[in-house]
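Now for the letters of each chain:
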Amino acid sequence: MSGRDGQREQDGFETRAIHAGAPPDPVTGAVVPAVSLSTTYAQSAVGEHLGYEYSRSGNPTRAALEACLADLEGAAHGLAFSSGLAAEHAVLSLLVPGDHVIIPGDAYGGTFRLVDRVHQPMGVAYTSASLTSAAGGLAGLEAAWQPTTKMVWVETPSNPLLGIADIAALAAATHDRGGVLVVDNTFATPYLQQPLALGADIVVHSTTKYLGGHSDVVGGFAATSDGCLAERLAFFQNSIGGVPSPFDCYLVLRGIKTLAVRMERHCDNAEAVASMLQSHPAVSRVLYPGLPRDPGAAVSSQQMRRAGGMVSFILAGGEPDALDVARSTRLWTLAESLGAVESLIEHPHRMTHASVAGSPLAVDPGLLRLSVGLESVADLISDLTEALDRGGRHLAR
Ligand SMILES: *Cc1c(COP(=O)(O)O)cnc(C)c1O
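Residues numbered from 1 in each chain as written. Predicted model: local features only at pLDDT ≥ 70, side-chain atom pairs only at ≥ 80, totals over all residues. Heavy atoms only, no water.

Notes on the sheet that holds strand β11 (residues 344–346)
Phase 1: Sheet architecture is open: 5 strands sit in the order β8-β9-β12-β11-β10, paired in mixed fashion. The open sheet has two edge strands with one neighbour each: β8 (283–287) and β10 (333–334).
Phase 2: Helix α13 (residues 318–328) rests against β9 (310–315), β10, β11 and β12 (367–371) of the sheet, and its axis sits at about 130 degrees to β9. (Pairing = 2+ DSSP bridges. Helix = DSSP H or I, 4+ residues; strand = E, 2+ residues; numbered from the N terminus. Contact = heavy atoms within 4.5 Å. Axes fitted to C-alpha atoms, helices over the stretch in contact; angles between N-to-C directions.)

Details of the site of the ligand
Phase 1: Not every one of the 14 residues close to the ligand is listed here, only the nearest: G84, D184, S206, T208 and K209.
Phase 2: A distance of 2.8 Å separates an oxygen atom of the ligand from a polar side-chain atom of S206.
Phase 3: Contact between the ligand and T208: an oxygen atom at 2.7 Å from a side-chain N or O atom of the residue.
Phase 4: For the ligand, whose free accessible area comes to 380 Å², the fraction covered by protein is 92%.
Phase 5: Considering every element that reaches the shell around the ligand, the biggest residue donor is helix α4 (residues 84–92), with 3 residues.
Phase 6: In terms of residue class, the shell around the ligand is built from 4 nonpolar, 6 polar and 4 charged. (Near = heavy atom within 4 Å. Polar contact = N/O pair within 3.5 Å; in protein donor to acceptor, adjacent residues only side chain to side chain. Areas by Shrake-Rupley, 256 points an atom, 1.4 Å probe, with all protein chains shown as cover. Nonpolar A, V, L, I, M, F, W, Y, C, P; charged D, E, K, R; others polar.)

Re the pairing of strand β4 (residues 149–155)
Look at any regular strand and the pattern is simple: side chains alternate between the two faces of the sheet.
Phase 1: Counting buried positions over the 7 residues of β4 gives 6, a clear majority of the element.
Phase 2: Relative to strand β5 (residues 180–184), β4 is paired through 5 bridges, and the arrangement is parallel. Residue pairing in the sheet places V152 in a bridge with L181 of β5.
Phase 3: Since β4 and β5 lie parallel, the crossover through helix α7 (residues 167–176) that links them has a hand, and here it is right-handed. (Buried < 20%, exposed > 50% of the residue type's maximum accessible area, 1.4 Å probe, protein only. Right-handed = clockwise from strand over helix to strand, strands pointing away.)

Section: unusual backbone geometry
Phase 1: Note that the residue after T156, namely P157, is joined by a cis bond; omega there is -5 degrees.
Phase 2: Here P157 is to be found in the loop between β4 and α7.
Phase 3: The step from N159 to P160 runs through a cis peptide bond, and the omega angle for that step is 5 degrees.
Phase 4: Examined against the element boundaries, P160 turns out to sit in the loop between β4 and α7.
Phase 5: Despite not being glycine, S215 shows a phi value in the positive range, around 55 degrees.

Brief notes about the packing of aromatic side chains
Phase 1: Using the criterion set out here, one finds 5 aromatic pairs in the structure.
Phase 2: A centroid spacing of 5.3 Å and a plane angle of 65 degrees characterise the contact between F13 and Y191, whose relative ring orientation is edge-to-face. Here F13 is found in helix α2 (residues 13–19), whereas its partner Y191 is found in helix α8 (residues 189–192), with 178 residues between them in sequence.
Phase 3: Look at F13 and you get buried, because its relative accessible area is 6%.
Phase 4: Y191 gets classed as buried once you look at its relative accessible area, which sits at 4%.
Phase 5: Ring centres of F235 and F236 lie 5.7 Å apart, and the angle between their planes is 65 degrees; on these two criteria the pair is classed as edge-to-face.
Phase 6: Owing to a relative accessible area of 16%, F236 belongs among the buried residues under this scheme.
Phase 7: Taking NZ or CZ as reference, R177 lies 5.9 Å from the ring centre of W145, over its face.
Phase 8: Here the basic side chain of R305 rests over the ring of Y191, its NZ or CZ set 3.9 Å away from the ring centre. (Phe/Tyr/Trp six-rings, centres within 6.5 Å; stacked < 30°, edge-to-face > 60°. Lys NZ or Arg CZ within 6 Å of the ring centre and 35° of its normal.)

Here we look at the nonpolar core
Phase 1: L65, L131, V152, V154, L181 and I256 are the most contacted members of the largest nonpolar core, which has 53 residues in total.
Phase 2: For this core, the leading source of residues is helix α3 (residues 60–72), giving 6 residues. (Core = buried A, V, L, I, M, F, W, Y, C linked by side-chain atoms within 4.5 Å.)

Let's talk about the side chain of S55
Phase 1: With respect to the helices and strands, the residue S55 is situated in the loop between α2 and α3.
Phase 2: In contact with S55, not counting residues within four places along its chain, are S38, T39, Y41 and R62.

Quick notes on a nonpolar patch on the surface
Phase 1: A cluster of nonpolar side chains, contributed by V35, L37 and F247, occupies part of the molecular surface with about 290 Å² of accessible area.
Phase 2: If you trace the backbone, V35 turns up in the loop between α2 and α3.
Phase 3: Here V35 falls in the partly exposed class, since its relative accessible area comes to 31%. (Patch = residues over 30% accessible without salt bridge, like charges linked within 9 Å, V, L, I, M, F, W, Y side chains within 5 Å. Salt bridge = Lys/Arg side-chain N within 4 Å of Asp/Glu carboxyl O.)

Looking at the domain arrangement of the protein
Phase 1: Split into domains, the protein comes out as domain 1 (7–257) and domain 2 (260–396).
Phase 2: Between the C-alpha centres of domain 1 and domain 2 there is a distance of 26 Å.
Phase 3: Taken together, both faces of the contact between domain 1 and domain 2 bury some 3200 Å²; the carbon and sulfur share is 64%.
Phase 4: Area buried by domain 1 at its contact with domain 2 is led by Y191, L192 and Y210, which between them contribute 25% of it.
Phase 5: Across the contact surface, domain 1 and domain 2 share 0 salt bridges. (Domains from an automatic or database assignment. Buried area = accessible area lost by both parts, 1.4 Å probe.)

Some thoughts on the pattern of salt bridges
Phase 1: This structure, assessed with the given rule, holds 10 salt bridges.
Phase 2: Between R306 and E271 there is a salt bridge, and its shortest N-O distance comes to 3.0 Å. Remark: E271 occurs in helix α11 (residues 259–278) and R306 occurs in the loop between α12 (297–303) and β9; sequence separation between them is 35 residues.
Phase 3: Here E346 and R369 are joined by a salt bridge, their closest N and O atoms 3.3 Å apart. Within this pair, whereas E346 is found in strand β11, its partner R369 is found in strand β12, the two being separated by 23 residues in sequence.
Phase 4: A relative accessible area of 1% means that E346 is categorised as buried.
Phase 5: For R369, a relative accessible area of 2% translates into the label buried.
Phase 6: Taken together, the salt bridges that share partners define one network made up of E264, D268, E271 and R306.

Dropping the structure here:
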């Protein structure tokens, strides 16, 4: 579980992504951690063992993943889960009946549902607030704060609107009032943004996305440098039991080794796609914090290395155009999820955010979200341009 050792901290991100938590096996010399399938571990006397007792409580492959990701987030402690939502559930379990949490107005739909339909019925109150810097995030936090507020949940860049929240400012305001700041860092990954260094208390991830990176594993992660929080989260990890399989841990570890190079290319391709969209007549608005005039540009350039691989845009012709474009691309696969090598397109209003329609989180029906993959960017642009030229017909009418 421990992520830091003095030696590693000197090394660059790319080096740590490949080596942290996974030194060559001392017995066999294997450079890849073994997928350790054993569910139980021999004890030499009652309570005397080599560090593992039962695989839900601790597993060597999971420990390698936890050490690697904690290191990349600059965290003292990291915990792997069976999905992003399992990680979020463990973090939200820090709240007890009577507590209040502030969540972002454009949170990931599954996060909203977890708070609204699972934790609220158990007695945890919540308020959704605009926490993005462009919407005056600090004022949103202040207005939503209650005497019982214990936690502020932030997602930046947000899904699917790619709003940017000022992590350092929100962390300071949350700490002034005695709360804990949680950042969902799924869209940025630790390569582009490290929330703990900016003052956040807990970072959560869906490792299903960029960290796994190949659309072949569902997983989650939480990291913190606060020993008390880490102990409670480890208790929930073991007590609730949402742990990842050893093979899933291996797949995420494998993905992380190439995270830095993948993220650089995701960003290159996303920048090119965003600038094409900006000049296309069928598009009324492009949401990408890497565009100089984007409302999130200033804050994202301070807290992120680059703007990431997700781009959203609104069709001038509204929902009919959005649905046409979504079904007429050839290379961009119409699918949920994001963050992998293949490019995906989706319609948040009807797909990922359908469960929140009618709530404050309802998204524009003309909005499409792109997960820009690693194919040839020329191919991606020509395929999308052709779909837009065809889909733009509602505009022409
Ligand atoms: C996908 C996602 C989640 C949920 O993760 P799962 O692995 O699907 O459970 C949470 N937050 C964000 C931003 C996501 O994109």
